[in-house]
Amino acid sequence: MQHEYSYSKLLEIEKLVENPSFYICDTAVLHRNFLRFKNTIQSTYPNLGIGYSFKTNYLPYYCKMVNQWGGLAEVVSPMEYELALKLKISPKEIIYNGPIKSKDTIFYALTNDSYLNIDSLEELQIIQDFANTYPNKKIKIGLRCNFLLPNEKISRFGIDIGDESFKQALDTINEIRNCTLSGLHFHYSSQERSIESYKFRLTKLLEISKNLIPNFEPEYLDIGGGFFGDMSEELKSLFPYEVPTIEDYSTAIANQMNGFFPTHKTKLIIEPGVALVANTMTFFAKVNNIKCINGKYFASCNASFQTIKPSGNLKNLPIKIFLSDSTKKYYENLDFVGYTCLEYDRFYTNYCGFLNNKSFIAFENMGSYNIVFKPPFIEPSPPIITFEQGGIAILRRKETTEDIFNSFIF
Ligand SMILES: Cc1ncc(COP(=O)(O)O)c(C=O)c1O
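Residues numbered from 1 in each chain as written. Predicted model: local features only at pLDDT ≥ 70, side-chain atom pairs only at ≥ 80, totals over all residues.

1. With respect to the overall build of the protein
For clarity, the cut-off: In DSSP terms, a helix is any run of H or I states spanning at least four residues, a strand is any run of E spanning at least two, and both are numbered starting from the N terminus. The size measure is the radius of gyration over C-alpha atoms, and the globule rule it meets is 2.2 Å times the number of residues to the 0.38 power. Counting other C-beta atoms within 10 Å of a residue's C-beta gives its exposure: the residue is buried at 20 or more, exposed at 12 or fewer, and partly exposed in between, where C-beta atoms are placed from the backbone. We call two residues in contact when their backbone-placed C-beta atoms lie within 7 Å.
Broken down by element type, the protein carries 14 helices and 18 strands. Compactness check: the protein gives a C-alpha radius of gyration of 24 Å against a globular reference of 22 Å for 410 residues, within 12% of the reference. For the protein, the spread of C-alpha atoms along the three principal axes comes to 75 × 50 × 45 Å. For the protein, the residues scored as buried account for 38% of the 410 residues in total. Partitioning the intrachain contacts of the protein with sequence separation of at least 6 by distance along the chain shows that 69% fall at a separation of at least 24.

Here it is as structure tokens:
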């Protein structure tokens, strides 16, 4: 946690946002993460694009900010593409990925020169359609490549480089007179997220561009995201693998690109999500009541696994407790439980320590996927705030019942 909080400060925020639980963002941390990738890579390989993965946390405030720092918008659906446009991000600064793009957004992306990475042969038919409709428009596209990473499962994305469909894709692109292949894309979120895996990915992309595609000089190689972000030692200890730093990844990737392309003509694109945003948000949940059932203590909170562990991860994450007053009591093996009706909504089990009713519990590293994975199950989403020039800015107000039911026909 970057800021120091006190119980009275948290009460003040609760009053302001009119909700007993809330997320707090630290945009200085986001900027630092961004600069760490940028500065480390560019010190060796200047031709770099950093695409912020919107899906990881599409808080408009973040998306806009990264763009102002020179980042690209990495989007994977018509909804995300529309969000980027709504934020007034230039289409030229949008990377359009994803398995189900609409024809309309593909046409818009091609007309306005977005980076467009094709995921299937069916998408190529839409490209063909566009090229026939606008024969004077020169278009460029990228191909999302699919290959197996050592010790990983088969990915369902992109076009298999070992399959006939890859050759078919290349032939189709060649046949379209006003279309050129400009880049290759690969993304896979592996468990281990190792440096070796990224070296393998880049080597493979280079091999494809040299050996599988005749006379191809890639304008860009996009190796996607999937990097670990910064973590406290306590959080790191929950992972059974070595957790590389942003500098470790950046140095390895930049050195390799520099070896492949000493003139730096080919642009390197990365698409970090987790590594940029995970450690930028802290979630505060308030204890609503504490009860004892059959000798076991439960603290019910204005929170749930949906707001803390939407991925279903069952590990106890590091927490910090802010006690409400001096009448604290020591508890042995207490479970913090959520507002849902699900028995398994126990987001921290066997807590041993002091607690009292109305305490706040803080969970760090809540910036990636928490906001976007929250379903409207039982409760609307909590508000999000940040500190700006000494004051508090509300980035998302408390979601209301009306927000949830607005699209239903009554
Ligand atoms: C194409 C693509 N790029 C980037 C990302 C970001 O991955 P992460 O948030 O793990 O960095 C994803 C996540 O699924 C993705 O699908």
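2. Thoughts on the nonpolar core
The condition that has to hold: Core membership is restricted to buried Ala, Val, Leu, Ile, Met, Phe, Trp, Tyr and Cys residues, and these are joined into a nonpolar core through C-beta atoms within 7 Å. A domain assignment, automatic or from a database, supplies the domain bounds used here.
Among the nonpolar cores identified, the biggest contains 94 residues, and A73 and I94 are the most heavily contacted of them. Split by domain, this core shows at least three residues from each of two domains, domain 1 (7-24 + 279-405) and domain 2 (27-277). The residues contacting I94, other than those within four sequence positions of it, are L72, A73, V75, Y81, A84, I89, S114 and Y115.

3. A short note on the site of the ligand
We apply this condition: Defining nearness, a residue is near a molecule or strand when the C-beta atom obtained from its backbone falls within 6 Å of it. Residues are grouped as follows: nonpolar covers Ala, Val, Leu, Ile, Met, Phe, Trp, Tyr, Cys and Pro; charged covers Asp, Glu, Lys and Arg; every other residue, Gly included, is treated as polar.
Near the ligand, the surroundings consist of 16 residues, among which S53, H187, G225, E271 and G273 are the closest. Residue composition of the shell around the ligand, grouped by class: four nonpolar, ten polar and two charged.

4. Digging into the domain arrangement of the protein
Its domain assignment divides the protein into domain 1 (7-24 + 279-405) and domain 2 (27-277). Distance between the C-alpha centres of domain 1 and domain 2: 34 Å. Counting residues at the interface gives 14 residues for domain 1 and 19 residues for domain 2. Mapped onto the side of domain 1 that touches domain 2, the elements with two or more residues apiece are helix 13 (370-373) and strand 17 (384-388).

5. What to know about the environment of G158
Along the chain, the position of G158 falls in the loop between strand 6 (139-146) and strand 7 (159-160). Distance in space between the C-alpha atoms of G158 and G98 is 8.8 Å, their sequence separation being 60 residues.

6. A word on unusual backbone geometry
Backbone phi values are negative for most residues with the exception of glycine, while trans is the configuration of most peptide bonds. We note that K88 has phi near 65°; this positive angle belongs to a residue other than glycine. For K88, the location among the structural elements is in the loop between helix 4 (78-86) and strand 4 (94-96). Although it is not a glycine, Y369 adopts a positive phi angle of roughly 70°. Along the chain, Y369 turns up in the loop between strand 16 (360-363) and helix 13.

7. Quick notes on helix 8 (residues 195-212)
Put simply, the test is: One less than the number of residues in a helix, times 1.5 Å, gives the span that helix is expected to have. The arc under discussion is defined with respect to the helix axis, by the directions toward the C-beta atoms.
The end-to-end C-alpha distance of helix 8, which contains 18 residues, comes to 25 Å, matching closely the 26 Å that a straight helix rising 1.5 Å per residue would cover. Among all positions of helix 8, only Y198, R201, L205 and I208 are buried. Across the axial projection of helix 8, the buried residues extend over an arc of 85°, all falling on one side. Along helix 8, the residues that are exposed and aim more than 90 degrees away from the buried face are E196, T203, E207 and N211. On its buried face, helix 8 is in contact with strand 6, strand 8 (179-185), strand 9 (220-222) and helix 10 (246-260).

8. Examining helix 5 (residues 103-111)
If you check which residues of helix 5 are buried, you get T105, I106, A109 and L110. The buried residues of helix 5 all sit within an arc of 135° when viewed along its axis, so they share a single face. Summarising the contacts, the buried residues of helix 5 are in contact with helix 4, strand 4, strand 5 (115-118), helix 6 (121-133) and strand 6. Backbone geometry just after helix 5 places D113 at a positive phi near 60°.

9. Overview of the packing of helix 6 against helix 7 (residues 164-175)
This is how it is decided: Whenever a helix is involved, its axis is fitted only over the stretch in contact; in every case the axis is a line through C-alpha atoms, and angles between N-to-C directions fall within 0 to 180 degrees. Small angles under 35 degrees read as roughly parallel and large ones over 145 as roughly antiparallel, with 65 to 115 read as roughly perpendicular and the rest as oblique.
Look at helix 6 against helix 7: their axes get within 10 Å of each other, and the N-to-C directions meet at 5°. As summarised for this structure, helix 6 and helix 7 are arranged roughly parallel, according to the angle between their axes. Seen from helix 6, the contacting residues are L121, L124 and Q128; seen from helix 7, they are S165, Q168, A169 and T172. Of the residues that constitute the contact of helix 6 with helix 7, the class distribution is three nonpolar, four polar and no charged.

10. Some thoughts on the confidence of the model for the protein
For clarity, the threshold we go by: Scored from 0 to 100, pLDDT records how confident the predictor is in each individual residue.
In the predicted model, the protein carries a mean pLDDT of 96, and the fraction of residues at 70 or more is 100%. Across the protein, strand 4 holds the top mean pLDDT of 99, while helix 9 (residues 233-236) sits lowest at 92.

11. Some details on the pairing of strand 6
Applied cut-off: Two strands pair if DSSP finds at least two bridges between them. When the strands point away from the viewer, a crossover counts as right-handed if the route from the first strand across the helix to the second turns clockwise.
Most of strand 6 is tucked away, with six of its eight residues classed as buried. With two bridges joining them, strand 5 and strand 6 adopt parallel strand pairing. Within strand 6, the residue paired with N117 across the bridge is G142. Of the crossover connections in this fold, the one passing from strand 5 over helix 6 to the parallel strand 6 is right-handed. As paired elements, strand 6 and strand 8 share six bridges and run parallel to each other. Each bridged residue has a counterpart across the sheet, and for I141 the counterpart in strand 8 is L181. Where strand 6 and strand 7 come together, two bridges link them in parallel fashion. Paired with N146 across the strands is D160, a residue of strand 7.

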